[in-house]
Amino acid sequence: AGSATAAGSATAAGSATADPALVERGRYLATVAGCGTCHTNAMDPKAKPFAGGLEQEEHVGIWRSSNITPDVATGIGGWTDAQIIAAIREGKRPDGRQLKPIMPYPMYNAMTDDDARALVAFLRTVAPVTNQVAPSALTLPDMPVPPPANRPVDATPLARGAYLTTLMHCDACHTPMDLTAMRPDLSRRLAGGMPMELPRMGDGVLHPSNITSDVATGIGSWTTAQVLDAVLRLKRPDGSTLTGPMMFYVSAWNQLTPDDQTALATFVKSVPAVSNQVPRSTFVMRPLPGPPPSNVGSAAPTP
């Protein structure tokens, strides 16, 4: 296959002839990567899938998710395939501006060319919605990433699980941030502990868990089934329920295929142990005005 960035002239008009299998693959990727989770405003029961508008206050300012429906005036309907792919994998807007890394493009950078094309094919099928979203106001520095390497993904469960974990951007919450370089501290990958305040979702401080294989402070003693219970059903081994951002993703992640569930758990169980006792979270979720987004990537019309 050629480079994904060579597909620059394709537009929504071309989606009518898109390969249904490609669109379905893109729908699956959009679901497990959480595209609809962030780009659908769960705080508004009347919100349309992928029309953006979810707003969250962070210590670095306010971010608002963009409208990524094919609406030409307020969405990405006027963007070429190459421009959409560049935004997803490199954080580059068509006008040259850099997206802030609240959008997890540093992790989507690992997405293969074929998967990037599939994701765009799916996004072209989403119903266009006119919804003008105000720009984010963030003090984060730009975080350029290298050109996508388009590394093939081995069929082994371990390699497949590593790829899925990247697309699901587990690092965004569970890897501590080097605040000097404003980059994830990969020496403590998935060791948790980075404090998060989500005032529009609840009160208190959330400390993402250490999900390395450390037995004392991580999840090294968890079984594969217990790992999947946490990811797919938000249940800890002690029966308590996980809250915070994961509850918005669970309806997407529980659509992982059985093979991908196995791959994900295989990789998570293999993460090197990092001793890091994470403080107990004090975060208490507020009731939502409606249910969390549910399978928002599944309602694409047949192209």
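Residues numbered from 1 in each chain as written. Predicted model: local features only at pLDDT ≥ 70, side-chain atom pairs only at ≥ 80, totals over all residues. Heavy atoms only, no water.

> Tell me about the overall build of the chain, and name the residues and values.
Within the chain one finds 10 helices and 7 strands. Burial status across the chain gives 49% buried among its 303 residues. Put simply, 66% of the contacts in the chain that link residues at least 6 apart link residues at least 24 apart. As displayed, the chain has an accessible area near 14200 Å², and 58% of this comes from carbon and sulfur atoms. (Helix = DSSP H or I, 4+ residues; strand = E, 2+ residues; numbered from the N terminus. Buried < 20%, exposed > 50% of the residue type's maximum accessible area, 1.4 Å probe, protein only. Contact = heavy atoms within 4.5 Å. Areas by Shrake-Rupley, 256 points an atom, 1.4 Å probe, with all protein chains shown as cover.)

> So what about the pattern of salt bridges? Which residues, and what values?
One pass over the full model with this rule turns up 13 salt bridges. Taking the shortest distance from any N to any O, the salt bridge between R25 and D115 comes out at 3.0 Å. On the criterion of sequence distance, the pair formed by R25 in helix α1 (residues 20-32) and D115 in helix α5 (residues 113-123) is long-range, its members being 90 residues apart. By relative accessible area, R25 is classed as partly exposed at 24%. For D115, a relative accessible area of 8% corresponds to the buried category. K100 is the partner of D142 in a salt bridge, and the nearest nitrogen-oxygen pair spans 3.0 Å. Of this pair, D142 sits in the loop between β3 (137-138) and α6 (157-167) while K100 sits in the loop between α3 (81-90) and α4 (105-108), and the two are 42 residues apart along the sequence. (Salt bridge = Lys/Arg side-chain N within 4 Å of Asp/Glu carboxyl O.)

> Account for the packing of helix α8 (residues 224-233) against helix α10 (residues 258-270), with residues named and values stated.
Helix packing geometry: the angle between the two helix axes and the distance between the axes. The contact between α8 and α10 brings their axes to 9 Å, and the two run at 110°. The angle between α8 and α10 falls in the class roughly perpendicular. Seen along the crossing, α8 lies across α10 with a hand that is right-handed. Of the residues in α10, those in contact with T224, V227, L228, V231 and L232 of α8 are Q261, L264, A265, V268 and K269. Taken together, the residues of the contact of α8 with α10 break down into 7 nonpolar, 2 polar and 1 charged. (Axes fitted to C-alpha atoms, helices over the stretch in contact; angles between N-to-C directions. Parallel < 35°, antiparallel > 145°, perpendicular 65-115°, else oblique. Left-handed = near helix turned anticlockwise from the far one by under 90°. Nonpolar A, V, L, I, M, F, W, Y, C, P; charged D, E, K, R; others polar.)

> So what's going on with the packing of aromatic side chains? Which residues, and what values?
Note on aromatic pairs: each is described by the distance of the centres and the angle between the planes. Taken as a whole, this structure holds 2 aromatic pairs when the rule is applied. A centroid spacing of 5.8 Å and a plane angle of 70° characterise the contact between F50 and F122, whose relative ring orientation is edge-to-face. A residue pair is termed long-range when its members are at least 10 positions apart, and F50 in the loop between α2 (35-38) and β1 (55-58) and F122 in helix α5 qualify at 72 residues. What makes F50 buried here is its relative accessible area of 1%. With a relative accessible area of 1%, F122 lands in the buried category. (Phe/Tyr/Trp six-rings, centres within 6.5 Å; stacked < 30°, edge-to-face > 60°.)

> Give me the lowdown on the layout of surface pockets, citing residues and values where you can.
Its volume calculated, the second largest pocket comes out at about 660 Å³. For the second largest pocket, the lining is made up of 23 residues, of which P106, M107, N109, A110 and T166 are closest to its centre. Where the lining of the second largest pocket is concerned, the elements lending two or more residues are α4, α6 and β5 (183-184). Here the element with the most residues in the lining of the second largest pocket is α6; it accounts for 4 residues. (1 Å grid on protein atoms, 1.4 Å probe; cavity = no way out; pocket = protein on both sides within 12 Å on 5 of 7 lines; lining within 4 Å. Points joined across faces, edges and corners; volume = space filled by probe spheres on them.)

> Provide a residue-level description of the sheet that holds strand β2 (residues 61-64), including the pertinent values.
Through backbone hydrogen bonds, the strands of a sheet pair up, either in parallel or in antiparallel fashion. Spatial ordering of the open sheet is given by β1-β2-β3, a layout of 3 strands whose pairing is antiparallel. Each edge of the sheet is formed by a strand with only one pairing partner; in this case those strands are β1 and β3. Here β1 runs beside β2; their pairing, made up of 4 bridges, is antiparallel. Residue pairing for β2: E57 is matched across the bridge by I62. (Pairing = 2+ DSSP bridges.)

> Mind laying out the nonpolar core, listing which residues take part and the relevant values?
Core analysis: the largest hydrophobic core is formed by 36 residues, its most contacted members being M168 and L256. Secondary structure elements with two or more residues in this core: α1, α8, α9 (246-253) and α10. The element that contributes the greatest number of residues to this core is α9, accounting for 6 residues. Those residues in contact with M168, other than ones at most four positions away along the chain, are V32, V231, W253, L256 and L264. (Core = buried A, V, L, I, M, F, W, Y, C linked by side-chain atoms within 4.5 Å.)

> Explain the side chain of Q261 to me, using residue names and the numbers behind them.
As for its position among the elements, Q261 is in helix α10. Judged by its relative accessible area of 18%, Q261 falls in the buried class.

> Explain α8 residue by residue, including any values.
The set of residues buried in α8 consists of V227, L228, A230, V231 and L232. Elements that come into contact with the buried residues of α8 comprise α9 and α10. Positive backbone phi, approximately 60°, marks L234, located one or two places after α8.

> Any chance you could break down the environment of S65 for me, citing the residues and the numbers?
Residue placement: S65 occurs in the loop between β2 and α3. Setting aside residues no more than four positions away along its own chain, S65 makes contact with C38, H39, G52, G53, L54 and V133. At a separation of 2.8 Å, a polar atom in the side chain of S65 contacts the main-chain carbonyl oxygen of C38. (Polar contact = N/O pair within 3.5 Å; in protein donor to acceptor, adjacent residues only side chain to side chain.)

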